[in-house]
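Single-letter residue listing:
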There are 2 protein chains.
Amino acid sequence: MKVIVDGMGGDNSPEAIVEGCVSAVKELGVSVIIVGNKEIIDTELSKYDFPDEAIDIINSTEIITNDDEPAFAIRRKKDSSMVIGLKALKEGIGDGFVSAGSTGALLAGGLFIVSRIDGIERAALASVYPTIRGISLLLDLGANVDCKPEYLKQFAIMGSIYSEKVLKVEAPRVGLVNIGTERGKGNQLVQKAYELIENSNLNFIGNVEARDIPAGVADVLVCDGFVGNIILKLTEGMAKSLFSSLKEEFNKTFQSKVGAILLRKQLMNFKGMLDYREYGGAPLLGLKKPVVKAHGSSDAFAIKNAIRQVKDFIEMDVINIIEDDINASRNK
Amino acid sequence: MKVIVDGMGGDNSPEAIVEGCVSAVKELGVSVIIVGNKEIIDTELSKYDFPDEAIDIINSTEIITNDDEPAFAIRRKKDSSMVIGLKALKEGIGDGFVSAGSTGALLAGGLFIVSRIDGIERAALASVYPTIRGISLLLDLGANVDCKPEYLKQFAIMGSIYSEKVLKVEAPRVGLVNIGTERGKGNQLVQKAYELIENSNLNFIGNVEARDIPAGVADVLVCDGFVGNIILKLTEGMAKSLFSSLKEEFNKTFQSKVGAILLRKQLMNFKGMLDYREYGGAPLLGLKKPVVKAHGSSDAFAIKNAIRQVKDFIEMDVINIIEDDINASRNK
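- As annotated in an unreviewed UniProt entry, chain A is Phosphate acyltransferase from Tepidimicrobium xylanilyticum.
- Per UniProt, chain A has the following entry under Catalytic activity (unreviewed entry): "a fatty acyl-[ACP] + phosphate = an acyl phosphate + holo-[ACP]".
- The record in UniProt for chain A states the following under Subcellular location (unreviewed entry): "Cytoplasm".

Encoded structure:
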């Protein structure tokens with residue numbers, strides 16, 4: 001198995017990306033193809049020991065940044081690490097693709113270059129969401145801000161398959177994010193989506209209120225990309241704000257400083273619960289090949305975990321299963 | 001000034017409601033009319049000392065609960081404390097209304113009995129939202145789950161007026177909740193709403209991402225009721241989950257327990273930051289009279305603060321200002 005990695009994407013490229021790739025080939029038994037400036041990547045690789053045959057480089061001369069307009073960048077920057085990587089994926093040079101670069105560009109490139117599975121109306125960006133009972137899978141996260149009910153049903157199917165196969169959840173509980181738990185609640189979109197998902201073969205647990213999301217009441221949380229993006233970013237923002245005010249409170253007196261020192265380990269555990277690095281990246285579901293978006297600020301550890309995720313994505317044959325289930329659900 | 005209070009609504013009625021009313025008349029210099037079972041309210045009132053003339057009772061025989069279908073309950077339970085209270089408000093027997101009862105019923109009752117200000121397309125439910133820099137006002141919270149751009153513009157106008165007059169914020173910064181800060185981001189609704197709000201006279205700061213909401217970047221946060229409800233409830237749910245996992249962590253070892261004791265005061269401060277009780281209730285904006293929804297689990301302190309809020313709502317002439325500004329914005 002060969003995983004293609006965008007060597008030039010993300011805040012910590014190429015150093016952290018290369019280091020993560022080296023860890024991955026040593027620990028996960030995968031081969032990696034790094035796309036990037038060959039000279040720079042070679043220099044980085046020379047810092048590490050690893051089996052030579054496990055890492056290849058494909059040279060690229062351009063980089064897509066977060067400032068680039070996504071669709072335009074994908075069309076114009078043909079020598080960018082992202083475009084070259086996605087083309088190599090499409091051509092079968094590798095089996096999956098990881099990038100910590102621009103989310104918008106990766107979405108656009110995934111659609112233009114790799115393209116959607118037949119029968120899939122829209123590809124969705126999914127992410128694991130840390131809860132106090134483990135993790136949930138949340139989708140869509142912003143790939144589709146204006147959705148039709150049928151899209152949400154397909155997100156539910158794809159999310160359920162990914163949760164079962166990659167996150168190893170048995171019979172994932174699929175919930176529809178809504179403003180009340182009762183049937184019939186919500187806007188027109190979720191009311192209609194409810195009926196569609198209810199009539200699928202999924203383990204549908206009905207509507208999930210936002211207040212119950214952090215408690216881990218569902219394994220798969222389905223919503224449109226606008227709402228999903230709000231949920232993910234609000235969670236990040238709250239965690240950040242709460243930590244900073246806790247820290248401020250704890251620095252107020254000598255006594256509280258001592259208390260905080262005694263609680264150091266527990267506070268770190270607590271912080272770790274919300275650490276995106278543990279959970280790898282965000283899969284793009286609905287494309288013909290496995291593509292995973294790693295967090296823009298990924299370090300080597302996060303990159304290795306994203307590669308692990310794409311490895312499972314490939315090994316568990318998620319894409320063929322999605323294709324079969326989507327076609328089965330359309331022929332019903 | 002006379003504030004009408006629903007004596008039978010909320011988890012802690014009538015005890016906490018009556019106690020809150022007594023505090024309000026003593027501390028805020030308002031008169032209160034409590035609507036509820038006269039015998040029960042009288043018994044509760046007999047526990048306290050207060051100027052007799054400051055509290056009246058209007059008898060009611062029915063109660064609307066959270067299990068009642070809102071619109072149906074408002075039409076059928078004509079002797080409920082909520083319906084009688086709202087009718088008294090409409091007839092001018094009191095100047096404002098506070099209820100800790102069913103949100104849906106209060107919304108339905110507000111629209112049917114009190115009715116919308118001329119020119120207002122939809123009434124919105126607003127709430128103060130605790131941030132690390134103070135409070136923001138978030139609207140709509142679920143009164144309108146399917147919105148048109150014009151509604152959001154009116155929410156922005158009403159929210160700005162309320163923020164300035166009742167929350168005493170000078171030139172409130174109005175932000176549109178969105179999935180990116182750049183102009184042109186988001187779904188069709190917010191893209192069009194952006195243009196409308198931009199062309200108003202408000203202090204519009206543009207799009208606000210959900211991750212920046214807890215940091216207090218805007219004084220007024222505008223969104224449709226589906227998104228607003230998700231934001232408010234996710235915030236509640238996260239605060240609850242984070243506290244419970246902090247508590248669990250802190251109970252793990254002897255050392256951490258000692259640390260937690262040393263930090264007791266700081267932890268309480270921290271928790272207080274997210275305490276809804278401090279902030280009173282949620283105003284219903286766009287009705288012809290001041291109506292405030294107190295939290296369902298309000299204690300006496302929260303009820304007193306909700307009465308304080310409706311007092312400012314009345315004194316600052318918010319409704320006439322909304323009417324004037326909405327008409328001015330429509331004639332532009």
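### Concerning the overall build of chain A
So, point 1. When you go through chain A residue by residue, the secondary structure sums to 12 helices and 11 strands.
So, point 2. Sorting the 332 residues of chain A into buried and exposed places 57% on the buried side.
So, point 3. Residue pairs in contact within chain A that sit at least 24 positions apart in sequence constitute 70% of those at least 6 positions apart.
So, point 4. Carbon and sulfur atoms make up 47% of the accessible area of chain A, which amounts to about 13500 Å² in all.
So, point 5. For chain A, the centre of its 39 positive side-chain charges and the centre of its 45 negative side-chain charges are spaced 4 Å apart.

### Remarks on the relation of the copies chain A and chain B
So, point 1. When chain A is fitted to chain B, the best match, at an RMSD of 0.1 Å, comes from turning it 180° and sliding it 0.0 Å along the axis. The superposition of one copy onto the other is thereby described by a two-fold rotation axis. Among all C-alpha atoms of chain A, that of Gly259(A) lies closest to the rotation axis, at 1.9 Å.
So, point 2. Take the interface residues of chain A: 100% of them recur as interface residues in chain B, which is what a same-surface contact looks like.

### Some details on the domain arrangement of chain A
All names here are of chain A.
So, point 1. Domain boundaries assigned for chain A yield domain 1 (1-120 + 286-316) and domain 2 (122-282).
So, point 2. Taken together, the contact pairs 24 residues of domain 1 with 18 residues of domain 2.
So, point 3. Buried area between domain 1 and domain 2, summed over both chains or domains, comes out near 1800 Å², and the portion from carbon and sulfur atoms is 60%.
So, point 4. For the pair domain 1 and domain 2, the number of links is 0 salt bridges.
So, point 5. Inspection of the region where domain 1 meets domain 2 yields 4 residue pairs in polar contact (both at pLDDT 80 or more).
So, point 6. Of all the elements in the fold, those that place two or more residues in the side of domain 1 that touches domain 2 are helix H5 (103-114), strand E11 (291-293) and helix H11 (300-315).
So, point 7. In the side of domain 1 that touches domain 2, the residues fall into 12 nonpolar, 8 polar and 4 charged.

### Overview of the side chain of Lys233(A)
So, point 1. Tracing the chain through its elements places Lys233(A) in helix H8 (residues 225-250).
So, point 2. Overall, the relative accessible area of 11% leaves Lys233(A) in the buried class.
So, point 3. Leaving out residues up to four positions away in the same chain, Lys233(A) has contacts with Ile179(B), Glu209(B), Ala210(B) and Arg211(B).

### Quick notes on the side chain of Ser127(B)
So, point 1. For Ser127(B), the location among the structural elements is in strand E5 (residues 124-131).
So, point 2. Apart from the residues within four sequence positions on either side, Ser127(B) is in contact with Ser136(B), Leu137(B), Leu138(B), Leu141(B), Leu232(B) and Ala282(B).

### Focus on helix H9 (residues 254-262) of chain A
All names here are of chain A.
So, point 1. All of the buried residues in H9 are Ser256, Gly259 and Ala260. Down the axis of H9, the smallest arc covering the buried residues is 100°, so these residues share one side. Residues of H9 that are exposed and point more than 90 degrees away from the buried face comprise Phe254 and Ile261.

### Overview of the nonpolar core
So, point 1. Counting residues in hydrophobic clusters, the biggest one holds 208 residues, and the most contacted among them are Ile307(A) and Ile307(B).
So, point 2. Not counting residues up to four positions away in its chain, the partners in contact with Ile307(B) are Val3(B), Val5(B), Gly20(B), Cys21(B), Ala24(B), Leu28(B), Val30(B), Val32(B) and Val98(B).
So, point 3. Leu246(A), Leu263(A), Leu267(A) and Phe250(B) belong to the second largest nonpolar core, which has 10 residues in total.

### Looking at the interface of chain A and chain B
Quoted interface sizes are often the accessible area lost when the parts come together.
So, point 1. On the side of chain B, 52 residues touch chain A, which itself brings 52 residues to the contact.
So, point 2. In total, chain A and chain B occlude about 4700 Å² of area from one another, counting both sides; carbon and sulfur atoms represent 74% of this.
So, point 3. Of all residues in chain A, Ile179(A), Phe226(A) and Leu234(A) bury the most surface against chain B, accounting for 14% of the area lost on that side.
So, point 4. The interface formed by chain A and chain B contains 4 salt bridges.
So, point 5. For the salt bridge of Arg211(A) with Glu236(B), the shortest nitrogen-to-oxygen distance reads 2.6 Å.
So, point 6. Linking chain A to chain B there are 10 residue pairs in polar contact (both at pLDDT 80 or more).
So, point 7. Of all elements in the fold, only strand E7 (174-178), helix H7 (188-198), H8, H9 and helix H10 (264-273) of chain A reach the threshold of two or more residues within the side of chain A that touches chain B.
So, point 8. Tallied by class, the residues present in the side of chain A that touches chain B amount to 29 nonpolar, 16 polar and 7 charged.

### Side note on the environment of Asp49(A)
All names here are of chain A.
So, point 1. Structurally, aspartate 49 is set in the loop between helix H2 (38-45) and strand E3 (55-59).
So, point 2. It is 9.4 Å that separates the C-alpha atoms of aspartate 49 and lysine 26, two residues lying 23 residues apart in sequence.
So, point 3. Beyond its immediate chain neighbours, meaning those up to four positions away, aspartate 49 contacts Val22 and Lys26.

### Quick notes on the sheet that holds strand E8 (residues 204-209) of chain B
Residues and elements named next belong to chain B.
So, point 1. Strand order in the open sheet formed by 11 strands is E3-E2-E1-E4-E11-E10-E5-E6-E9-E7-E8, with mixed pairing between adjacent strands. One side of each edge strand has no neighbouring strand; the edge strands of this open sheet are strand E3 (55-59) and E8. Strand-to-strand twist of the sheet, defined as the mean angle between neighbouring strand axes without regard to direction, takes the value 30°.
So, point 2. Bridging between E5 and strand E10 (residues 282-285) involves 2 bridges; their strand directions are antiparallel. Looking at E10, one finds that alanine 124 is bridged to leucine 285.
So, point 3. Packing against the sheet, helix H1 (residues 15-28) makes contact with strand E1 (2-6), strand E2 (31-36) and E3, and its axis sits at approximately 165° to E2.
So, point 4. Sheet strands in contact with helix H4 (residues 81-90) are E1, E2, E3, strand E4 (96-99) and strand E11 (291-293), and its direction is about 165° off that of E4.

### As for the environment of Arg183(A)
All names here are of chain A.
So, point 1. Within the fold, arginine 183 resides in the loop between E7 and H7.
So, point 2. Spatially, the C-alpha atom of arginine 183 lies 47 Å from that of serine 81, the residues being 102 residues apart in sequence.
So, point 3. In this structure, arginine 183 is in contact with Tyr194, Glu198 and Asn207, ignoring residues within four places of it in sequence.
So, point 4. Side chain to side chain, arginine 183 and glutamate 198 meet in a polar contact 2.6 Å long.

### Focus: the packing of H4(B) against helix H5 (residues 103-114) of chain B
Residue and element names in this part refer to chain B.
So, point 1. For the pair H4 and H5, the least separation of the axes is 10 Å and the interaxial angle reads 35°. Where H4 crosses over H5, the handedness of that crossing is right-handed. Residue-level contacts link Met82, Val83, Leu86, Lys87, Leu89 and Lys90 of H4 to Ala105, Leu106, Gly109, Gly110, Ile113 and Val114 of H5.
So, point 2. Within the contact of H4 with H5, the residues separate by chemical class into 8 nonpolar, 2 polar and 2 charged.

### Considerations on the packing of aromatic side chains
Residues and elements named next belong to chain A.
So, point 1. Evaluation of the coordinates by the stated rule reveals 4 aromatic pairs over all chains.
So, point 2. Measuring from centroid to centroid gives 5.4 Å for tyrosine 162 and phenylalanine 313, while their planes differ by 80°, and the two rings are edge-to-face. In this pair, tyrosine 162 is assigned in helix H6 (residues 149-165) and phenylalanine 313 in helix H11, connecting sequence segments 151 residues apart. Across this residue pair, the class does not change: tyrosine 162 and phenylalanine 313 are buried.
So, point 3. Considering the side-chain rings of tyrosine 194 and phenylalanine 204, the 5.1 Å spacing of their centres and the 70° angle between planes classify their relative orientation as edge-to-face. Of this pair, tyrosine 194 sits in helix H7 while phenylalanine 204 sits in strand E8 (residues 204-209), placing them 10 residues apart in sequence. Both residues of the pair, tyrosine 194 and phenylalanine 204, belong to the buried class.

About the criteria used
Residues numbered from 1 in each chain as written. Chains lettered and ligands numbered in written order. Predicted model: local features only at pLDDT ≥ 70, side-chain atom pairs only at ≥ 80, totals over all residues. Heavy atoms only, no water. UniProt positions renumbered as here; feature names shortened; annotations may be inferred. Helix = DSSP H or I, 4+ residues; strand = E, 2+ residues; numbered from the N terminus. Buried < 20%, exposed > 50% of the residue type's maximum accessible area, 1.4 Å probe, protein only. Contact = heavy atoms within 4.5 Å. Areas by Shrake-Rupley, 256 points an atom, 1.4 Å probe, with all protein chains shown as cover. Lys, Arg positive; Asp, Glu negative; His and termini not counted. Charge placed at Lys NZ, Arg CZ, Asp CG, Glu CD. Least-squares fit on C-alpha atoms with pLDDT ≥ 70 in both. Domains from an automatic or database assignment. Buried area = accessible area lost by both parts, 1.4 Å probe. Salt bridge = Lys/Arg side-chain N within 4 Å of Asp/Glu carboxyl O. Polar contact = N/O pair within 3.5 Å; in protein donor to acceptor, adjacent residues only side chain to side chain. Nonpolar A, V, L, I, M, F, W, Y, C, P; charged D, E, K, R; others polar. Arc of directions from axis to C-beta. Core = buried A, V, L, I, M, F, W, Y, C linked by side-chain atoms within 4.5 Å. Pairing = 2+ DSSP bridges. Axes fitted to C-alpha atoms, helices over the stretch in contact; angles between N-to-C directions. Left-handed = near helix turned anticlockwise from the far one by under 90°. Phe/Tyr/Trp six-rings, centres within 6.5 Å; stacked < 30°, edge-to-face > 60°.

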